[in-house]
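Chains, contacts and geometry: an overview
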Amino acid sequence: MKRLKSKYISGANGQAINGRTRIYSLFYAGTHTDLDAMPILEFKDGDSSGDTLLYANDSLSTFDDSSVYNDCVSLDLPPEGVLFPSGVYVTSTSWTVTDGTIGVCIFFEGGAAA
């Protein structure tokens, strides 16, 4: 039986989880106002220069009446998850929410506090 942990990241830029980690699921939400740039999340192995192992571009965003994207997305991952041998580093572009960026919740096994 897997013993999953969860971590919420407000700001989605920087080290999320240290050490060998397997991500099984993730959920993100935010408001996107730069209508000329696609909102993107990258999950890299280890640090900012690591390989991008998960990539989410939000091509399914919807406009509200004020021409703002609003989104809540659950990313589908394979049942065995995605292994990050050196930890998880997250970067985001073109996202804003009340506190200034996107929020991401990661469900994972392994790793340590970042």
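Quick notes on the pairing of strand β3 (residues 40–45)
Within β3, 5 of the 6 residues are buried, leaving the element largely enclosed by the surrounding structure. Where β3 lies against strand β4 (residues 52–57), 5 bridges are found, and the strand directions are antiparallel. Looking at the pairing, Lys44 lines up with Thr52 of β4. Linking two consecutive strands that pair antiparallel, namely β3 and β4, is a turn of 6 residues; a positive phi of about 85° is found at Gly46 within it. The pairing of β3 with strand β8 (residues 87–93) spans 6 bridges and is classified as antiparallel. Note on β8: the bridge partner recorded for Phe43 is Val90.

Let's talk about the confidence of the model for the chain
With 68% of its residues at a pLDDT of 70 or more, the chain shows a mean pLDDT of 79. Mean pLDDT values for the elements of the chain range from 51 in strand β5 (residues 62–63) up to 97 in strand β7 (residues 82–84).

Focus: the nonpolar core
Of all hydrophobic cores here, the largest spans 21 residues; its most connected members are Ile23, Tyr28, Leu41, Phe43, Val88, Val90 and Ile106. Looking at this core element by element, the count peaks at 5 residues for strand β2 (residues 14–32). Once residues within four sequence positions are removed from consideration, Ile106 is found in contact with Lys5, Ser6, Lys7, Ile9, Ala16, Ile17, Ile23, Ser25, Leu26, Phe43 and Val90.

What counts, and where the lines are drawn
Residues numbered from 1 in each chain as written. Predicted model: local features only at pLDDT ≥ 70, side-chain atom pairs only at ≥ 80, totals over all residues. Heavy atoms only, no water. Buried < 20%, exposed > 50% of the residue type's maximum accessible area, 1.4 Å probe, protein only. Helix = DSSP H or I, 4+ residues; strand = E, 2+ residues; numbered from the N terminus. Pairing = 2+ DSSP bridges. pLDDT = per-residue confidence, 0-100. Core = buried A, V, L, I, M, F, W, Y, C linked by side-chain atoms within 4.5 Å. Contact = heavy atoms within 4.5 Å.

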